[in-house]
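# Tertiary structure, described
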Protein chains: 2
Amino acid sequence: MIEARTLQGFSDFLPEDMYLRQYLMDTWRHTFESFGYGALDTPALEYEDILMGKYGEEEKLIYRFTDNGDRKVALRYDQTVPLARAVVQHQNDIKFPFKRYQIGKVWRADSPRKGRKREFYQCDADIIGSVSPLADAEILCVIDQGMKTLGLDDYVINLNHRGILEAMMNSWDIPEQFHIEVFRAIDKFDKIGADGVAKELMTRKVPPDAHKKILELLDWKETDIDKVFNFLEKKFGNSPAAQNGITNLRRITELALASKVDPENIFINLNLVRGLDYYTGGVFEVTVPVFGRTALAAGGRYDKLTQAFSNHNLPGVGVGIGFETLYELLKEHPITFPKTAPEILLVAFSNELLADVSNIAAELRAIGKRVMVYPGGAEKMSKQLKYANDLKIPYVLIFGPDEAKAKKIQLKNMETGESQTIKLDELVNKMSVI
Amino acid sequence: MIEARTLQGFSDFLPEDMYLRQYLMDTWRHTFESFGYGALDTPALEYEDILMGKYGEEEKLIYRFTDNGDRKVALRYDQTVPLARAVVQHQNDIKFPFKRYQIGKVWRADSPRKGRKREFYQCDADIIGSVSPLADAEILCVIDQGMKTLGLDDYVINLNHRGILEAMMNSWDIPEQFHIEVFRAIDKFDKIGADGVAKELMTRKVPPDAHKKILELLDWKETDIDKVFNFLEKKFGNSPAAQNGITNLRRITELALASKVDPENIFINLNLVRGLDYYTGGVFEVTVPVFGRTALAAGGRYDKLTQAFSNHNLPGVGVGIGFETLYELLKEHPITFPKTAPEILLVAFSNELLADVSNIAAELRAIGKRVMVYPGGAEKMSKQLKYANDLKIPYVLIFGPDEAKAKKIQLKNMETGESQTIKLDELVNKMSVI
């Protein structure tokens, strides 16, 4: 006998978990589709060399092995590298700008002790081949629509721009080679606080003259978007690089607001760094204040997506939804959502009535209801009602010999316990409005 | 530079392919859900010992490797063994009878030269923990609803029963140890014809007295369900085992017909064998005559799903939809289906109008339309129209300076080429009925 068990970091999801997971996937899928993004599906297994050299230190977390044909293969670590690979491989079939979304599993041999999963879903949307700020703005609108559909109306997009960050560093006379050190230090602010960042700046030997300015930045609180841009222009506008970044971010914001994003949902957060080497323009992280500082989505603009596979580089902008984070948070803080669970259980009273009951079920399915006939057959009534209860099925229809004779059926509301008798030929009409 | 390529037997699916694939997945998912099946998601990776010893000869096709933690792991080969594992592992959380469906990828290191994919989707629905013929009948109803939704109304369920097959063998005095040999020979009928089966029976040393009866069976053509059952009862009814099988299959058929399955869709096919060791009761294979003999779905009743993981055996009945076969066939024989592709492209005329255009797009999305603003920004009109054409977007909305002044917008039907001008404040109403 083999013990039934799953690998650490891997999980089964039973129907009770899947209702919320599917609702989240459906919500993002329909959001992406309502903006015209098309789905992409890429293999779980790739040639190892497609993935290697793309993830720095993290590369050691890739599941790699040699297959039966002596090929070195690897399990998908994220959906971004396969996107880059696919865009180059199918460049003659793809129409650019290419708007694609992908919702799929990825695998990382990470430490489950830190609460990390080894198998989890990613949920990404990207626009490849456009440099227009319209594309950046649209990504913000996608987030807006998705979050509002989930009822998370008070979400905040923390928005910054790599060009502005760079220009600030320059204006503070921080030499180029220290920029990444400063970014790394700032990036830890949430975890180590201002004192921690100050220490990091020392350790990383960032020129001391700039420390005060950097620490001031960490205290950034201004929420009025216009005031922020005016401040930035006054302070850094004489640098053409800074002005470019400011103009770009102002335009992105303007277009997002024109698409009905509420200004209260956007916070120009000058200490947001996000992804050290990858992003080149606008960057953002989405939080929901009642859930704390956990990022529920993040992304930005990048320039070198395809550089590993092609000399022809393609610019892009995109968002990754933190699917598993969102799932865990909404499990803890339940929301109301349309479950795809069965709505009606038909109780099979006796073997003689099973055919009639099956027929009634078919009629109710034909009007779009999710209907189960108790799958054990004509078992004890109490057992069938307990089943409806256990599965949280809201309505039970009982069809016994008396009902059959009278051409009626009994409807029981499992929440209130109330029962009523309905004429068989009125059942479909009656149930269609329930 | 790394060459952008996929492993043999693995494929990318671009949006143009995904519309049909998603439609098929959605159709089966909603069909399963309308009968009250709940989704199950199991890991792609399992402990190797969960999968080994379950697939006979085919076991060599399992992708196996040793992970970083020195664990022997394997990629999911099908969804049935993980279902058995999950049912035993979560037996205290699951309410039986357990109706679950699963649509997911599986991996087999098969020969791509034979047209076999190494990564493909399976799409299964099962009822675990019920011996009632109602469960068997429901599986047939699920197939009926799914096939009809796909417009494949003239599908045929080839239906047989292992009990009847066994009883026939016994009545022909074929010793028990030859039954499996006979089944193997019959199972090859489609490929090798009657002469081939005759030869197989010789080679397998099946007692010659029975050959004629077996070969007669291969010629089975009677389509009238009642006549078949009457014939069977007359011929084999004196054997209690045969009578059990006949009664069971008659009841399954009766209940399926009561649920509005058309008798023309059911063919009691006495030479259907299907899965040598696994099935124990009703078995079936679904074909669509215009597509030839390819099975588009198959399944039946089994008794020993959980035997590898538990002493407590659970009976079940289920169906596997041949997702990839269905996809390939419907790609060759296109059907009409609701695509989730963008419906409207908003043409951005100039940078000054981008904000207005974004606003109009948001209003159209709010009434449920799938709307793209041309993601490249305000590029040449001809380029934007070509994009709509390439992506087969049926409607284009053009908002230029003249339209802005007149508070109107131009609607272009890309199929007919016709244009009309619409007042801006009437646009949402107008588009809602398109």
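Each value, and the rule that gives it
In this convention, every chain numbers its residues from 1, walking through the sequence in written order. Numbering of ligands from 1 and lettering of chains from A proceed in the order in which they are written. Local features in this predicted model are restricted to residues whose pLDDT is 70 or higher, and side-chain atom pairs enter the listing and the counts only when it is 80 or higher, whereas totals over whole chains, interfaces and linings include all residues. Computation of side-chain values covers all heavy atoms of the structure but excludes hydrogens and water. Numbering goes from the N terminus for both helices and strands, where a helix is a DSSP run of H or I of at least four residues and a strand is a run of E of at least two. Values of the radius of gyration come from C-alpha atoms, whereas the globule rule sets the reference at 2.2 Å times the count of residues to the power 0.38. Reported accessibility uses the Shrake-Rupley method at a 1.4 Å probe radius. Residues are deemed covered only where the shown protein chains occlude them. For the charge count, each Lys or Arg is scored as positive and each Asp or Glu as negative, with His and the chain ends excluded. The atom standing in for a charge is NZ when the residue is Lys, CZ when it is Arg, CG when it is Asp and CD when it is Glu. Domain start and stop positions are those given by an automatic or database domain assignment. Alignment of copies: least-squares fit on C-alpha atoms of residues with pLDDT of at least 70 in both copies. Should DSSP find at least two bridges between two strands, the strands are taken to pair. Residues count as neighbours in contact if any of their non-hydrogen atoms are within 4.5 Å of one another. Helix axes use the C-alpha atoms of the stretch in contact, all axes being lines fitted to C-alpha atoms, and the angles between their N-to-C directions lie in the range 0 to 180 degrees. UniProt positions are given in the numbering used here, feature names are shortened, and annotations may be inferred rather than shown by experiment. Each polar contact in these results corresponds to two N or O atoms within 3.5 Å; when the atoms are within protein, one needs to be able to donate a hydrogen and the other to accept it, and residues that are neighboring in sequence are counted only if both atoms are side-chain atoms. Here a Phe, Tyr or Trp ring, Trp counted by its six-membered ring, pairs with any other such ring whose centre lies within 6.5 Å, and the pair is stacked when the planes are under 30 degrees apart, edge-to-face when over 60, and tilted otherwise. We call a residue buried when its accessible area falls under 20% of the maximum for its residue type, exposed when it is over 50%, and partly exposed in between, using a 1.4 Å probe and counting protein chains only.

## Looking at the overall build of chain A
On a plain count of helices and strands, chain A comes out with 15 helices and 16 strands. Its C-alpha atoms give chain A a radius of gyration of 28 Å, clearly above 22 Å, the size a compact globule of 434 residues would have. C-alpha extents for chain A along the principal axes are approximately 90 × 60 × 45 Å. Taken as a whole, chain A presents about 18,700 Å² of accessible surface, with 48% of it coming from carbon and sulfur. If the 56 positive side-chain charges of chain A are averaged to one point and the 62 negative ones to another, these points end up 2 Å apart.

## Quick notes on the domain arrangement of chain A
Along its sequence, chain A is organised into domain 1 (11–154 + 288–339), domain 2 (156–264) and domain 3 (344–432). The C-alpha centroid of domain 3 of chain A is placed 43 Å from the C-alpha centroid of domain 1 of chain A.

## Some words on the relation of the copies chain B and chain A
Superposing chain B onto chain A takes a rotation of 180° combined with a translation of 0.0 Å along the rotation axis, leaving an RMSD of 0.0 Å. Expressed as an axis order, the relation between the two copies is that of a two-fold axis. Of the C-alpha atoms belonging to chain B, the one lying closest to the rotation axis is found on B:Phe65, 3.2 Å away.

## Focus on the sheet that holds strand 8 (residues 266–268) of chain A
Residue and element names in this part refer to chain A. Strand order across the open sheet formed by eight strands is 1-5-6-11-10-9-7-8, with mixed pairing between neighbours. Each edge of the open sheet is held by one strand with a lone partner, namely strand 1 (38–39) and strand 8. Pairing between strand 5 (residues 98–107) and strand 6 (residues 119–128): ten bridges, direction antiparallel. Following the sheet pairing, Gly104 is matched in strand 6 by Gln122. The strands touched by helix 11 (residues 323–332) within the sheet are strand 6 and strand 11 (316–321), with strand 6 carrying the most contacts at an inclination of about 125°.

## Some thoughts on the UniProt feature "binding site: L-histidine" (unreviewed entry) in chain A
Residues and elements named next belong to chain A. Feature annotation in UniProt assigns "binding site: L-histidine" (unreviewed entry) to the following positions: Asp78, Gln79, Thr80, Arg108, Gln122, Asp126, Arg274, Tyr278 and Tyr279. As for its position among the elements, Gln122 is in strand 6. Beyond its immediate chain neighbours, meaning those up to four positions away, Gln122 contacts Asp78, Gln79, Gln102, Ile103, Gly104, Val106 and Arg108. A polar atom in the side chain of Gln122 sits 3.1 Å from the backbone nitrogen of Gln79. As for its position among the elements, Tyr278 is in the loop between strand 8 and strand 9 (279–287). Not counting residues up to four positions away in its chain, the partners in contact with Tyr278 are Thr80, Arg301, Tyr302 and Leu305.

## A look at the sheet that holds strand 4 (residues 72–75) of chain B
Residues and elements named next belong to chain B. Strand order in the open sheet made by the three strands is 2-4-3, with antiparallel pairing throughout. The sheet terminates laterally at strand 2 (45–47) and strand 3 (64–66), the two strands that pair on one side only. Averaged over all pairs of adjacent strands, the angle between their axes in this sheet comes to 35°, without regard to strand direction. Sheet topology places strand 2 next to strand 4; three bridges connect them, and they run antiparallel. Its bridge partner being in strand 4, Glu46 is matched across the sheet by Ala74.

## Description of the packing of aromatic side chains
Residues and elements named next belong to chain A. Going through the model one piece at a time under the given rule, you end up with 29 aromatic pairs over all chains. With a centroid separation of 5.4 Å and an interplanar angle of 40°, the aromatic rings of Phe32 and Tyr101 are classed as tilted. Separated by 69 residues along the polypeptide, Phe32 in helix 1 (residues 15–34) and Tyr101 in strand 5 bring together distant segments of the chain. Neither Phe32 nor Tyr101 differs from the other in exposure class; each is buried.

## A look at the pairing of strand 5 (residues 98–107) of chain B
All names here are of chain B. For strand 5, a buried count of nine out of ten residues is recorded, marking the element as mostly surrounded by other parts of the structure. Bridge count between strand 1 (residues 38–39) and strand 5: two bridges; the pairing is parallel. If you follow Gly38 over to strand 5, its bridge partner there is Arg100.

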